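Understanding the architecture of this molecule
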Amino acid sequence: MTRRDDDIPAELRDVAVQLRALGPEEWEPAAPPPLRAPLPTQREPVTRRPRERPRRRGRFAGGLVLRPAVAAAAALVLVVLGAAGGVLIAGGDGTPRAGREVALAVVDDGPRGAHADARLRTTTMRLTVSGLPRVGAGGFYEVWMMRDAKHLVALGSFRVGADGRARVDLPVTASPRRFPVLDISREPADGDPAHSGHSVLRSRPIDS
């Protein structure tokens, strides 16, 4: 027994002697048992493309989506604004039409070279006149909408300057369907509101 055996407790000394007697092959570690399934291999990371959302109908630049209800409301607003701004006028069939130009030409022995254009709108008319002589003694020109000599409506009056020109805005107080002719007459300042019978410019029927 060696000195090293003195350090081993008595109850383990026999075991130590037996272990020293074993050959080197007894000390080799046993091979691990075979694996039942292969170890998972490290996979390459997969880069996923972002999923594209389906494009919605009615989408405009900037991401604005015009829904049917919004489109209907916008159309109604545009019609109301157009009517308020005076850009529509009812035609002969009662359907709205864009504001139109109506030309007035010289009547019979009226002043040569005179001319007028009326832009009709919903409730107003812009009249542009040229070539009319000035009216003296407080006289003026009157604008009428008429169906015939007995059925007419006065819209307003105006005077011209030395150049024979004038531009006035007048209210349209009658329907062009019922009173389709525009007439400009020369009126004396006699206090009589009736048509004097001295027409100088007149249009063809508006709906013709």
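Residues numbered from 1 in each chain as written. Predicted model: local features only at pLDDT ≥ 70, side-chain atom pairs only at ≥ 80, totals over all residues. Heavy atoms only, no water.

Counting secondary structure elements, the protein chain contains three helices and 10 strands. For the protein chain, the sequential pattern of α-helices and β-strands runs α-α-α-β-β-β-β-β-β-β-β-β-β. Within the span of the protein chain, comprising 208 residues, buried residues form 24% of the whole. Within the protein chain, contacts between residues at least 6 apart in sequence are counted, and of these 53% link residues at least 24 apart. (Helix = DSSP H or I, 4+ residues; strand = E, 2+ residues; numbered from the N terminus. Buried < 20%, exposed > 50% of the residue type's maximum accessible area, 1.4 Å probe, protein only. Contact = heavy atoms within 4.5 Å.)

A few words on the sheet that holds strand β10 (residues 199-203). Reading across the sheet, the eight strands line up as β7-β6-β9-β10-β3-β4-β5-β8 and stay open at both edges, with antiparallel pairing between neighbours. Of all the strands in the sheet, just β7 (151-158) and β8 (166-171) have a single pairing partner and so form its edges. Strand-to-strand twist of the sheet, defined as the mean angle between neighbouring strand axes without regard to direction, takes the value 25°. (Pairing = 2+ DSSP bridges. Axes fitted to C-alpha atoms, helices over the stretch in contact; angles between N-to-C directions.)

In this section: the nonpolar core. With 26 residues, the main nonpolar core has Leu127, Val129, Leu132, Phe158, Leu182, Ile184 and Leu201 as its most contacted residues. Aside from chain neighbours lying at most four places away, what touches Leu182 is Val102, Leu104, Ala118, Leu120, Met125, Trp144, Met145, Leu201, Arg202, Ser203 and Ile206. (Core = buried A, V, L, I, M, F, W, Y, C linked by side-chain atoms within 4.5 Å.)

Phi is positive for Asp108, which is not a glycine, with a value near 45°. Structurally, the position occupied by Asp108 is in the loop between β3 (100-106) and β4 (115-120). Classification of Asp108 as exposed rests on a relative accessible area of 75%.

Judged by side-chain polarity, Leu12, Val15 and Leu19 come together as a nonpolar surface patch covering roughly 250 Å² of accessible area. In this structure, Leu19 sits in helix α2 (residues 10-21). Taking relative accessible area as the criterion, Leu19 reaches 40% and is therefore assigned partly exposed. (Patch = residues over 30% accessible without salt bridge, like charges linked within 9 Å, V, L, I, M, F, W, Y side chains within 5 Å. Areas by Shrake-Rupley, 256 points an atom, 1.4 Å probe, with all protein chains shown as cover. Salt bridge = Lys/Arg side-chain N within 4 Å of Asp/Glu carboxyl O.)

Relative to the helices and strands, Glu187 resides in strand β9 (residues 181-187). Although Glu187 is buried, it forms no salt bridge, and the closest oppositely charged side chain is Arg186 at an N-O distance of 9.7 Å. Engagement of the side chain of Glu187 in a polar contact is seen with the side chain of Ser185, the distance being 2.6 Å. Not counting the four nearest positions on each side in its chain, Glu187 is found in contact with Val135, Gly139, Phe140, Glu142, Trp144, Ala194, His195 and Ser196. (Lys, Arg positive; Asp, Glu negative; His and termini not counted. Polar contact = N/O pair within 3.5 Å; in protein donor to acceptor, adjacent residues only side chain to side chain.)

Within this structure, the stated rule accounts for three salt bridges. For Asp183, the salt bridge goes to Arg202, with nearest N and O atoms at 2.8 Å. Of this pair, Asp183 sits in strand β9 while Arg202 sits in strand β10, and the two are 19 residues apart along the sequence. Judged by relative accessible area, which is 33%, Arg202 ranks as partly exposed.

For the protein chain, per-residue confidence averages 74 on the pLDDT scale, and residues scoring 70 or more make up 58% of the total. In the predicted structure, residues 57-66 sits below a pLDDT of 50 and forms eight contacts with residues beyond four places in sequence or in another chain. Counted against residues more than four places away or in other chains, residues 74-98, with its pLDDT under 50, gives 34 contacts. (pLDDT = per-residue confidence, 0-100.)

Evaluation of the coordinates by the stated rule reveals one aromatic pair. Summarising the aromatic geometry, the rings of Tyr141 and Phe158 are spaced 5.6 Å apart at their centres and angled 20° between planes, so their arrangement reads as stacked. Of the two residues, Tyr141 sits in strand β6 (residues 140-148) while Phe158 sits in strand β7, which places them 17 residues apart along the sequence. Above the ring of Phe179, the side-chain terminus of Arg147 is found at 5.3 Å from the ring centroid. (Phe/Tyr/Trp six-rings, centres within 6.5 Å; stacked < 30°, edge-to-face > 60°. Lys NZ or Arg CZ within 6 Å of the ring centre and 35° of its normal.)

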